[in-house]
Every structure is written in C-alpha cells, then in structure tokens.
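Residue-level structure breakdown
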Amino acid sequence: MRLKHQQTFLNQLREITGINDIQVLQQALKDSNGNLELAVAFLTAKNAKVPQQEEATYYQTALPGNDRYISVGSQADTNVIDLTGDDKDDLQRAIALSLEESNRAFRETGITDEEQAISRVLEASIAENKASLKRTHPEVWSDSPNPYDRKRLENCPVGLKNVGNTCWFSAVIQSLFNLLEFRRLVLNYSPPANAQDLPRNQKEHRNLPFMRELRYLFALLVGSKRKYVDPSRAVEILKDAFKSNDSQQQDVSEFTHKLLDWLEDAFQIKAEEERDGEKPKNPMVELFYGRFLAVGVLEGKKFENTEMFGQYPLQVNGFKDLHECLEAAMIEGEIESLHSENSAKSGQEHWFTELPPVLTFELSRFEFNQALGRPEKIHNKLEFPSVLYLDRYMHKNREITRIKRDEIKRLKEYLTVLQQRLERYLSYGSGPKRFPLVDVLQYALEFASSKPVCTSPVDDIDASAPSSGTITTQTIPSTTEQQGPSSSDIPSTSPIQRSVIHKPFTQSRIPPDLPMHPAPRHITEEELSVLEGCLHRWRTEVENDTRDLQESISRIHRTIELMYSDKSMVQVPYRLHAVLVHEGQANAGHYWAYIYDHHQRRWMKYNDISVTKSTWEELERDSFGGYRNASAYCLMYINDKEQYLMQEEFNKETGQMLVGMDMLPPDLREYVKEDNKRFEKEIEEWDAELAQKALQEKIISQTPRVPAASTAPVQAGDPEYLEQPSRTDLSKHLKEESVQAITKALAEQEERSPEAVMQMVMLTPNMQGIIMAIGKARNVYDRCGPEAGFFKAIKLEYARLLKMAQEDAPHEHDYRLNHAIVYFIQNQAPKKIIERSLLEQFADHNLSFDDRCRNIMKVAQAKLEMIKPDEINMEEYERWHQEYKHFRETTMYLLVGLELFQKKSYMEALLYLIYAYQNNKELLSKGQYRGHDEDLISHYRRECLLKLNEHAAALFESGDDQEVNNGLIIMNELIVPCLPLLLVDEMEEKDIIAVEDMRNRWCSYLGQEMEPNLQEKLTDFLPKLLDCSTEIKGFNDPPKLPSYSTHELVERYARIMLSRSRTPADGR
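A brief look at the structure comes next. (Residues numbered from 1 in each chain as written. Predicted model: local features only at pLDDT ≥ 70, side-chain atom pairs only at ≥ 80, totals over all residues. Heavy atoms only, no water.)

1. Considering the overall build of the protein chain
- Across its full length, the protein chain carries 33 helices and 18 strands.
- Within the protein chain, the proportion of its 1068 residues that are buried is 48%.
- Excluding contacts between residues fewer than 6 apart, the proportion of contacts in the protein chain whose partners are at least 24 apart in sequence is 75%. (Helix = DSSP H or I, 4+ residues; strand = E, 2+ residues; numbered from the N terminus. Buried < 20%, exposed > 50% of the residue type's maximum accessible area, 1.4 Å probe, protein only. Contact = heavy atoms within 4.5 Å.)

2. Quick word on the pairing of strand 14 (residues 589-597)
- Burial within strand 14 is extensive, with eight of its nine residues counted as buried.
- As defined by bridge partners, strand 13 (residues 573-584) adjoins strand 14 across seven bridges and the pair is classed as antiparallel. Residue Glu583 lies in a different strand from strand 14, and its bridge partner there is His590.
- As paired strands, strand 14 and strand 15 (residues 602-607) are joined by five bridges and run antiparallel to one another. Residue pairing in the sheet places Tyr596 in a bridge with Trp603 of strand 15. (Pairing = 2+ DSSP bridges.)

3. Remarks on a nonpolar patch on the surface
- Side chains of Phe650, Met657 and Val659 sit close together on the surface and give an oily, nonpolar patch of about 280 Å² of accessible area.
- Examined against the element boundaries, Val659 turns out to sit in the loop between strand 17 (630-639) and helix 18 (666-702).
- By relative accessible area, Val659 is classed as partly exposed at 47%. (Patch = residues over 30% accessible without salt bridge, like charges linked within 9 Å, V, L, I, M, F, W, Y side chains within 5 Å. Areas by Shrake-Rupley, 256 points an atom, 1.4 Å probe, with all protein chains shown as cover. Salt bridge = Lys/Arg side-chain N within 4 Å of Asp/Glu carboxyl O.)

4. Examining the nonpolar core
- One finds Phe824, Phe842, Leu847 and Trp1002 to be the most contacted residues of the largest nonpolar core, which totals 101 residues.
- Lining this core are residues from two domains, each supplying at least three of them: domain 3 (763-872) and domain 4 (916-1061).
- Dropping the residues within four chain positions of it, Phe842 is found in contact with Ile770, Ala773, Ile774, Phe790, Ala793, Ile794, Glu797, Leu847, Ile856, Met857 and Ala860.
- If you look at the next biggest cluster of nonpolar residues, it comprises 67 residues, including Leu220, Ile269, Leu287 and Leu645. (Core = buried A, V, L, I, M, F, W, Y, C linked by side-chain atoms within 4.5 Å. Domains from an automatic or database assignment.)

5. Digging into the environment of Ala953
- Here Ala953 shows up in helix 29 (residues 934-958).
- Relative accessible area serves as the criterion here: at 0%, Ala953 is assigned to the buried category.
- It is 7.3 Å that separates the C-alpha atoms of Ala953 and Trp1002, two residues lying 49 residues apart in sequence.
- If we skip the residues at most four places from it in the chain, Ala953 touches Arg1001, Trp1002 and Tyr1005.

6. Some details on the environment of Arg434
- Inspection of the secondary structure assignment puts Arg434 in the loop between helix 13 (398-426) and helix 14 (437-449).
- Separated by ten residues in sequence, Arg434 and Arg424 have C-alpha atoms that sit 9.5 Å apart.
- Sequence-distant contacts of Arg434, that is, excluding residues within four places in its chain, are made with Ser427, Tyr428 and Gly429.
- Of the polar contacts made by the side chain of Arg434, one reaches the backbone oxygen of Gly429; its length is 3.2 Å. (Polar contact = N/O pair within 3.5 Å; in protein donor to acceptor, adjacent residues only side chain to side chain.)

7. Describing the pairing of strand 16 (residues 610-614)
- As judged from the five bridges shared by strand 15 and strand 16, these two strands associate in the antiparallel manner. Among the inter-strand pairings, Trp603 is bridged to a residue of strand 16, identified as Ser614.
- What sits between strand 15 and strand 16 in their antiparallel hairpin is a turn of two residues, with Asp608 showing a positive phi close to 55°.

8. Some points on helix 14
- Under the 1.5 Å per step criterion, the end-to-end length of helix 14 is 18 Å for 13 residues, consistent within 8% with the ideal 18 Å.
- For helix 14, the full list of buried residues reads Leu437, Val438, Leu441, Leu445 and Ala448. Projection of helix 14 onto a plane perpendicular to its axis shows the buried side chains occupying an angular sector of 105°, all on one side.
- For helix 14, the secondary structure elements touched by its buried residues are helix 13 and helix 16 (525-561). (Expected span 1.5 Å × (residues − 1). Arc of directions from axis to C-beta.)

9. Let's talk about the packing of helix 28 (residues 906-924) against helix 29
- For the pair helix 28 and helix 29, the least separation of the axes is 9 Å and the interaxial angle reads 150°. Between helix 28 and helix 29, the interaxial angle falls into the category roughly antiparallel. Crossing angle aside, the handedness with which helix 28 passes helix 29 is left-handed. Every residue of helix 29 that contacts helix 28 at Tyr906, Met907, Ala909, Leu910, Leu913, Ile914, Ala916, Tyr917, Gln918, Asn920, Lys921 and Leu924 is listed here: Glu934, Ile937, Ser938, Tyr940, Arg941, Cys944, Leu945, Lys947 and Leu948.
- For the contact of helix 28 with helix 29, a count of residues per class yields 14 nonpolar, three polar and four charged. (Axes fitted to C-alpha atoms, helices over the stretch in contact; angles between N-to-C directions. Parallel < 35°, antiparallel > 145°, perpendicular 65-115°, else oblique. Left-handed = near helix turned anticlockwise from the far one by under 90°. Nonpolar A, V, L, I, M, F, W, Y, C, P; charged D, E, K, R; others polar.)

Below is the structure:
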C-alpha cells in the first residue's frame, strides 16, 4: 500500500508541475520527506536545481498510477510561507513546520495527508448543504412541496440529490450501481461475524459503517418510490472519518480511487474471515484491478517488472483518439535497444498481461501552466469508440504488435512525405500569399486568352478624359456636393488633374471600352496557341499529380485504420459502460454521467436528481471535447465477453428474473419498505390537505348570496374575470345615459364599428357587446316580443365574437383578452361550452338597464334553468373557464414583466417573465392558440438574465465587500436557479448560447489576479454556476399580480406592445 501512495504522489507531481523526468520527481519527493506541497514548491521554485545524474536513485519503472488526481477547486492557504524567493531560511522554516504538523497529525489521528484532503472536500459539501438551509435570503427555487412531483415514474431509474458540491459522488456512484455485478456484491455484502469486536483499527472504523450506508443507498436506488434519494448519510460517514476545515470540490478520479480502496479493505476483512487455509480472494480486486508487464532498458541494462493497476491514466494533450493515447502510454522513451545489444538508449514498453473485467481510463485533462502558476483544463477533442479492442496491447500479441507498429511508423513517415508534396501543389508560390498551382495555371490561361489591348491602362484613361474647359458637373463634384477646389482652380496643363473622377453612386457604370480583366498588350496567334497548349497540358498534369497524391494519402490512412482489424486482433472487446463528464475549468466545474443500459440498449444521462434518456450523438457532443467546456474525464469499459457483469438475477425455484424489491436481501427489503411507507404517508397527507381545501372551497361557493332586488336567479360561481359592474356601483343616471348613448349611436351612425361606439361608455367589453346586440335587435323585439328579441340578440353577439376570433388582429391587440368566448372559439371548445357561456352573459342580473334589457335577461335565465344536468359536463365547463383565467394571469405576468423591463427594473421583471414563460409553455402544450408567442417571452427572459449577469459581474469587479456580496446574491438567488430553465430545451440554441456567455463571463476571472477573499468566493460560487443539471425545481410563491379590469388589461397590453414595436430589440 505504501508503494501505491508513493506512485500516487509521483503522478500528482507529474500532473501539477508538467515535469516528466521520473528521477527529478523521485528526488523532490525524497527531499520533501513525502510532503506533496513541499515537493511542488521545490519543483516550481525559481532557483530549483535538477538533481545531478550521480545523485539519482536507481531507475524505477514508472507505474501508471491508479490513483493519480488533480484537486479541483483547491484553495491556497493565505498563511503559506513564500517558497519562490531566494530566502533559504523561509524554505527551511516551511519544511520544518510542515513536517512537524504532518507528523503530529499522523501521530494523533493515524490519518495521512491524502486522506485529510478528501476529508476537506466532504466536510465542505456537508457544510454547504447545511448552510443553504440557514440562508436569510429567500431562494427563487426550492424542492416542490407536492410529493407527486418527487414521485418515481414507473421503471425510471432513481436519481441522487446533490447535497452540496457532490455531483462527483452522484456520477461515480450511479456508474458503479448500474454495473450489475458490482451492485450484487454491495447489496449482498454482510459484515464480518466478529463485528462486535471492531473497530480494531482506523480503516475498519471507517469502512464498515460506510459499507452499511452504501448498501442502504443502493437498496433505495433499486426499490425506492421516490424520484431521487438523499445520499447525505453516506457522505456524512466519509466526512466523519476525517477532521479538517478546508473546502474544495472533489475530483472524480480521486474519489473513485479512494472509494475502491475502502471497498477493497471492507471486502478484505470479509475474505480473510471466510478463507479456509487458502489465500483470500478480494472481489473488488478481481473486478477492477489488472496487471501489466513493463520491459525496458536503462543505459544498456534490461529490466522486466510485473505491476498491478486499477484506474489507468492517459494523457489527452496532443492526441486525437483513445488509441493514440494508449499507444503513447504503452511506450516511453527510445525502445530500439530492446532489439539491439549495442544501443545505450533508455526506454520501456508496457504490455497488459491480465485485464480487469472493468477497465477504467482516467483522462488527464488538466495541466499546470508554469507561467500563470495554476492548473488549466485541456478542452481538445478526443474521440473514443463504443467498443474498444485491446488485443494490440496484450503481452501475448507483442511480437505481431511490434511488427504492425513498425509498419505503421513506416507508413506514417511515407505519409508525411506525400503530405509535404501535396502541400506544395496546394500552396504554390514563394511569397507570403500562396495559391493552388492548378488555379495559378488557370489564371495564367485566362490572362493569355483575354482580348489584347493596344494601349496602357493609364493612356487609355487619359485619352478618354475631357480637355480643360469641357469638364462637366458629372465628372467633377460640385462645391455643393463636397468641399474642395472649384474647376476654375484646376490647372488645365496637368494631365493628372484632368483624369476622370469616378464617384461610386453617381457614376457606377464601367466605361464600355474598358476591359473587364487585364490582358496581354501584344500576342500573336502562334504565341497564344503555343502558350495555351502548354498551360492546358501543365494544368492537366498538376491535376493528375494532385489527385494521385490525395488518393495515395487516403489509401495510407485507410491502411493504418485497418491495421488491427484482422480477426486475430479483435478477440478482446471492451464495451463502453459509462462516461463521466466534467464541464467547467480546472478550478471549478460540474460532473454528470452517461451510462449505457445494456438491456434496453440505450444511453441514459444521470445528472444528479435528473435521469433522462439520451443518445450516442449527445454523448459525443458533451464527452469528446472541443464543444463548450464539457469533456469526458473518466471512461469505464467492461469486458464484452464476461456476461456475468451485466447479467440479471433469476429466482432459483421459479426461474423468473428478479426485479425491484425481489433482488434485495431481507434486511434491505425491510429498510426500503419503511422508507416507501414514509413517502406514501407524505402523499396521503398531501391528498388529505388538498381534499380539505377543496371541501372548504365547495362550501364557500355553495353559500347563497344576498338576493338582489331583481327576481331573477343569481348565477353562483361566475369566473372572476367575467367582471361586471354591480348595481350599487352604477347609478341609475349612468345606466340611462349609457343606454341612451348606445341607442343614439346605433340610430345615427350605423356605419361606425360597434367597438368604436363602446369607447364612449364605461361598460365592460362583455356588457358592451350584449347591450349593442340588444340595441340592434330592437325591431325584432318590438314586433315579435322578448323571446324573439333574445334569439336575435344572441345570434348577433355570437356573430360578432366569431368575426373577432377569425380575423387577424394587429400585433398590439389580442381579442382573446376582450372576451372569453373569443378564446374558446379559437381553441375549438365544445359548442355547448360556448353556448352556455354566452347564455350566462345574457342572464347576468346586472343587465337591468331598461325594460327591454330586463325582459331579455329573464328569457336567458329561463333558458338556463331548462338545461338539464346531463346535457352539459359542468366539470369540463369549469375547466375551460379556469384555463381562460390561467391565460389572463399569464398575460398579466407578461405585461408586468415587460413594463418592469422597460423601466430597467430587471430584478423585479425576472420573476414575472419566468412565470409568464412557464405558464405560457403549459398553455401552448394544449394548443397553438392557448398562449402567447413563446419566442417573445423567451427573448425578454433571456435578456433580463444577461443584463442581471452583467450587473452582478460589475459589482464583483468593484472589489467592495458589500458590492461583491450583492453581486453574488444576484447570481445565487436569481440567475443560477434560473439556468436550468434555459438548458432544459436543447433546441433553444439562443438560450444555450446565453448560458454559455454568462458562464464564460465568470470563468474569465480564473485567469486574473485578485484578492484572496475574492478568489475564495469565486471558487465557491463557480461550481453552482457550472452545474448542468436541467432538473426544474418548484416555485416558491409567485409574485403578486395587480388587479386589472378587462378595459385596463386590454389598454395596457396594447400600450406595451406598441412601445415594443417602436423600440428595436437589442437581444440576440
């Protein structure tokens, strides 16, 4: 185990400092007595000396360490002594202090520095989770109080809650959980029988409780009825194992290594208990660890070592695909000496002798920038296959692989020569500008073939210029057009001054005798014939040579690609099981995982609590790199021939496949049942609460109203948007004036539109339409009575509303706001719903302006009473009116949001626009005409976030503590919670670009110098900003809406839409 830790430190030093000389790294580690920080200081100090050759220790094989890592988001201690200067006393003091603290800590706790580093991360995660519960500022988003939103869908995998910078935990645990053999090992693990005598040491004190919590967590992932489960208890166990005060975000490869180490220790205890005289087998070692043979030469001396490996590290920089990375990792230095007795060069080869069933590649995407003094992420594109054949790296195939490698090397050398030759054809010339030779010859041919001209271009222009005294205003600009000397000031004897002045807009035509292209001055037919023949022949030769070179290059590429495709080299297939993706920079980021469902044959994306179906195309985009800041950080392949790895369990008696709770041991089955009972109780309490509210509302709605003076029955439960003036609100004088005004307008100005007439009176649009219809039906009413007048009026009103619903309204008007029935017609509501809604309008008790109105109102009320309960579905009726109310609320959210946006009150506008977008999206999911223009709301929501982001960034840049805190509050409480809304729909490219812009704005600070407190706040904040989770959390209480009458709503809507058309959008 000590050898493992030494190799870990060597790999860390190599990654952090960029120094690859194993002897230098070993010497630095030795001089620092194993202290990693001091070793880094030695290697990065300005005056650090490279150890002399005679001081170097004996060459040791460079193990591909299975535990190399880069700490993501680590913080520099402000009290660290400066080791980059020339003061040796500081250096000695730092070494002594570090060794004293390290030795004292180890004596007191028995915990290594490496383990303490992990402790810092875990404690930070727990602390952040607890702190988030104590925040004084209200969060925009929170977990939905509705348990149905947190209920697991049938056959859908369970997610893991991010309890504070623990996306790395979720990504690794889900990848291992979906490895069925690993899942079985964990679920069926039973503590040692002598557990009561434990803990015997620090490891057992840590590992056995962690195994218990991991079993519980896996059991919940199998059988929970929750959409996602909380892993806090498992993380708490990890945190409790160590004591520290630092904070950083954990790294996937680091955590994976430590997790497997702890599991290996836990299973080793069990294996030792159960052994019968034989060497115990550890299932974790059998599953994840393999062996390779290192053969090499050091100064003419051959060596050969067999080593064990777990996670296999691969460099990314400079390689285009996984095989290139592996080839580079398997060969180090000059290896010709392996086949020659005389060479003194040093180098080594690695050959796999035993591959693990689960092979994990750790992609090193971080390098240390010596100039900036910090790690940087490598965003280069690196491709990897879904099926990886490893035959070429096996020791048994070393002879044939060496032959093929030599052949590939020869082909690549030949390929380089061909590409250089092709480049000479494609970039011809000796100057800075180069062109394809084929084009050069073609241009020469076109020049030679042009019609000869007999004069120089200068003489040609001079001859066509008018003489002095005949210059017109067309050729010389007048003084009114441009300031300059007049024609009288130009000397007539200067030929240059007499040149024609071409003005681009007033004289755009080319003179008819001016040639389109330059041409030879003199050329004979014989010269032209010879030249054309030569140019044609040369061009054909160049085309043929270029084509031959391109075909040869393509053939060589194809030969190299197929070099290992013969049957003997495709016998060791490994299928891609999981890809762990990191998005962000070296100092901060977010992790998620793509995991292959081997039974459904599809990819799934595990992003904390969100588990969704995915595709290989999406995986490529997010994992290969070169797109945004996301790229694969860890690849998990499984042996495609080892079926047991992904094989389901079957009942030994019935032969049926075990699913869900049936695959759990009895103790875990009971544990999950208890948790499910708690969740079911939560649902029951929620249902009871809703039922109580519904009962109270029903009782209130059925309470009889105070009877009005009219004898007509009162309609209970009218939708509140159908507002009507009460009898107490309108005086008799106002009513009489209104009716008289309408009647007079109808009689005198039949040609005016009804809407224009209604502008004169203070009535709601609903009431206006009814009174107008009654006024138009007065002749029928007078001749045939109230019932005939009613039928005429309701027919006229319906025709008016139908016309409004069918015509194209100006962009500033939305007739759906004027009347619910327009909304119903446009959305094809059932005919009976529309009829009853219109009938209730005519039956309204407020329609008692005069005898004619009252009589028609009574007819309508009688018609309503005649409708039988089974003739109309009242639930559907209420549902349509409730939806229209929802539409009006959405309009008000949009309206208030746009008004606040125009006032530059972006913080207040944001929440209104978010609710407008979410409500509108829900409406549009039911029909095209049920909501507003989605692009419009999306644009202003996006612009609001961008402007707030810029404001927050400006506050952060100010450096003032209060300003910085205000900026981060804006980000944490407004912008970060809203980002999932912009990322949830990947088709909305503008939203995705906006999110990238906002993230890049903050990531740009990583390369800048700033105060330590700002750096600390930035490092703490960036992981939240870079979290790619698209899980949309529930809203807190929505913002309050003002109370608008229909008149006010229509008027304000028109005003804001008109102002939009006058102001050009400054969005994307």
